[in-house]
Each structure stands twice: as structure tokens, then as C-alpha cells.
Amino acid sequence: MVPTAVNAFNASEEQTAERTRLIVSAFAYCIVASIIVIGNGLVLSVYCTNGEVRKVPFNRYILYLAIADFMSGTVALPLVAARYFFELVLTGGEHFVVEWGIRFPLLLASFIIVLMTVDRYKLVKDPIKYETSKSNAKNDKVFILVLIFSAVYANIYYVTLATVIPRLGSHEQGLVTITLVNISQVLINVAIPLAIIIIVNGMFLFKLKAELDKFSAGQSVSQSGGQRYADQSTLSPPSTAVPGPEVTIDLVPTTQSTRTANNDLGADTTNDQQANTKRVPANPRRRKLLMITRNLMILVSVYILCYLPVSIVVFLPLFGLSTDALPRAGQVTTFIIFLNSAINPFLYAATSRAYKRGMERIICRRQT
């Protein structure tokens, strides 16, 4: 009698703890979904209503990323929550559609970050060519291609399993199937997207270092040349030329450093376009390159930090380290992924004065 009462008491405590955990989890999902929808909706509103923001070509990529994050909050996160809280058992086409709806917005955001890095690489490589060749029409075409690629890539994992596993004989299924599922999940869902992001950002940082080295070398040569000129001027005899009217000759074309509204690097061009020169003041250009790198690395670092936990959890079964707590860990790490979509609007406001001013105007207008 006593053990039965103790077991019933323990069971009731476990049910209470489980109910509390579900309530807290549901509340957390609702809060994060609200932040994603409101924050990224605000970013979309700022872009559509603020001409200062639309003037900067790079802000078009922020628009694309906000669209992907908005889809994550309105489509992917509700599907994850429904599968988690209601323990949906899906088969066939329903399972395929739900999983595609979860993966597509997340993969789209990943590949848009790759586009951002490629755009910054082109800017560092040749700012003049970048400013003269960029347009929203070209960006839109690239975005459509990435959209299609992401939609197709989101299906590769399940198409692979659907085509390979049925070919295995009944005696071959089991360990072979589990191994195949784990390897496919690691490669397609984690390794390939992260590898692309890391490689592209590595190329960007390598190119940035080369440009900064050029600036440092140019400054050293300029300083040494100025010192030699000063020494020669000190040692040369006084001039015996006949005095005449004073003439001032400007050997360096007047340059104007244009700073975009996004607090970003636009292009440093000369006032006289016929001079066709690419001379850019070293110090301002260097500061702008460092600022560009800082803003991009903040965005990429937050993305990697949010995706790193789920990457580790996905790798565990591949090495036979699966435990009973793995499903719970998968739910937690999947939730952390969506925190990236909630944090991004705050990053835009922190790294761009134009976006910050636009958000403040919209919020203050609604409050009044």
C-alpha cells in the first residue's frame, strides 16, 4: 500500500513538472515568435518607408534577411512548436511538407548571409567598380536565384533518404539506415551550409588583410618620401630665381569621401570625374573597411553562435554518443536557432544609424 502511494505521488510530481515545463516552453516560444515578427516587420517597414535606407545597395540584403527571418517566425517556428507541443505524428507527404516549411526559411537566411559576405568582398576588392555596378535590380535577380536554390536544397535531405533507404534489403536496414540518416543529416543540414559561410568569410578576411597591408605600405612610403623631401629642402641652397607672382599648384586631385546613410563604405571618388583616378585617402578608407568588417562579423558571429549548439547535437549520433537526453537537447538547440532571427533586428539598429532612426520614427509615430 505504501509503495503504491509513493509511486502515485512521484507520478503526480512528474506530471506537474512536465506540465510546468510545457507551459514555460510555450510561453518562451510565443515571446520569441512575437519578437521575430514585430522586429523584422519593423525592419521591412523602415526599408519601405525610408528613402535614406533604400539608397544604400547593401541594405537590400538586410531586407532579404528580414524577409527570411519573418518567414521563420510566421512559418517555421509555429511548425516546430506544433510538432513539439502536440506531438504530431506525420507520415508521407505531411511529414515532407512540415519539414520543408521548417528548413526552407532557415536555409534561406543562411545563404543570404553568404550573399552579404560576397557583397562586402566585392566592395573591399574594388570600391569604385562596386558603386558603379551595383543596383537593386541585380540584387533582386540574385535573391530570386538563392530563393529557388534554398527551396530545392531544403528537399535534398528527404529526397536522399526516400530514394536510398528503400533500395536497402530488409537484412541491411538497421545500423546501416541509422548511419546513413546521421551522415546525411550532418552533411546536408549542418556541415555544407556552415562550410560555405566559413569559407566565404575566410576569403573576405584574407582580402581585407591584403588591402590593409597595402594601406600600411602606402603610408610608410609616403612618410619616408616626405622625410627625404624635407631633408633635401634643408640641405639645398637658396633659390636665385627672379621673384614673381605666387602660384599654388595642387598636385593631388581633391577627393571627397562619401559616407553612406548606413554608416557604411560607399565610394571615394574625385570631384573631377575626368581625372579618372582611384586615389583614396588611406586613413578614412581604412577606418571604413574596419567598420564594415566589424558590422559583418557581428552578424556572422551571432549566426554561428546560435547554430553551433544544434550542430554539436547533430554530430553526437554520428560518433555513437546518443543519450536519452538527446531529444530534449535537440528541442532546446532548435529553439536557440530561432533566437538568431529575433536578435538580428537589434543588430541592424546597433550597426546602422539609418535603421535606428527609421525604427525610432515608426515607434514614436505609433505611440503618439
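Structure: see above.
Let me begin by describing the structure that accompanies this report. Here the structure is a predicted model, which is why all the values come from computation and not from measurement.

## Regarding the overall build of the protein chain
Across its full length, the protein chain carries ten helices and two strands. What you see in the protein chain, going N to C, is helices and strands ordered as α-α-α-α-α-α-α-β-β-α-α-α. Put simply, the protein chain has 368 residues, and 38% of those count as buried. Within the structure as shown, the protein chain displays about 21,300 Å² of accessible surface, and the carbon and sulfur contribution to it stands at 66%.

## Describing the packing of aromatic side chains
Taken as a whole and judged by the stated rule, the model has ten aromatic pairs. Considering the side-chain rings of Tyr 29 and Phe 335, the 5.1 Å spacing of their centres and the 55° angle between planes classify their relative orientation as tilted. Note that Tyr 29 is positioned in helix 1 (residues 2–49) and Phe 335 in helix 9 (residues 326–351), a separation of 306 residues in sequence. Accessibility assignment for this pair places Tyr 29 and Phe 335 in one class, buried. Ring centres 6.2 Å apart and planes at 40° place the aromatic pair Tyr 348 and Tyr 355 in the tilted group. Of the two residues examined, Tyr 348 and Tyr 355, each falls in the buried class.

## A closer look at a positive patch on the surface
A cluster of like positive charges, contributed by Lys 122, Lys 125, Lys 129, Lys 138 and Lys 141, occupies part of the molecular surface. Within the residue set of the positive patch, elements represented by two or more residues are helix 4 (93–125) and helix 6 (136–164). Tracing the backbone shows Lys 122 in helix 4. With a relative accessible area of 47%, Lys 122 lands in the partly exposed category.

## Some points on the nonpolar core
Judged by nonpolar contacts, the single largest core of 79 residues is most densely connected at Leu 65, Met 116, Phe 338 and Tyr 355. Every element with two or more residues in this core is listed here: helix 1, helix 3 (59–85), helix 4, helix 6, helix 7 (175–235), helix 8 (282–315), helix 9 and helix 10 (353–367). Not counting chain neighbours up to four residues away, the residues in contact with Met 116 comprise Phe 58, Tyr 61, Ile 62, Leu 65, Leu 296 and Leu 299.

## Considering a nonpolar patch on the surface
A cluster of nonpolar side chains, contributed by Phe 27, Ile 31, Ile 35 and Phe 346, occupies part of the molecular surface with about 420 Å² of accessible area. Considering each element in turn, the nonpolar patch owes the most residues, three residues, to helix 1. Within the secondary structure, Phe 27 sits in helix 1. Overall, the relative accessible area of 57% leaves Phe 27 in the exposed class.

About the thresholds
- Residues numbered from 1 in each chain as written.
- Predicted model: local features only at pLDDT ≥ 70, side-chain atom pairs only at ≥ 80, totals over all residues.
- Heavy atoms only, no water.
- Helix = DSSP H or I, 4+ residues; strand = E, 2+ residues; numbered from the N terminus.
- Buried < 20%, exposed > 50% of the residue type's maximum accessible area, 1.4 Å probe, protein only.
- Areas by Shrake-Rupley, 256 points an atom, 1.4 Å probe, with all protein chains shown as cover.
- Phe/Tyr/Trp six-rings, centres within 6.5 Å; stacked < 30°, edge-to-face > 60°.
- Patch = residues over 30% accessible without salt bridge, like charges linked within 9 Å, V, L, I, M, F, W, Y side chains within 5 Å.
- Salt bridge = Lys/Arg side-chain N within 4 Å of Asp/Glu carboxyl O.
- Lys, Arg positive; Asp, Glu negative; His and termini not counted.
- Charge placed at Lys NZ, Arg CZ, Asp CG, Glu CD.
- Core = buried A, V, L, I, M, F, W, Y, C linked by side-chain atoms within 4.5 Å.
- Contact = heavy atoms within 4.5 Å.

Purely geometric stuff here, so don't read any function into it on its own.
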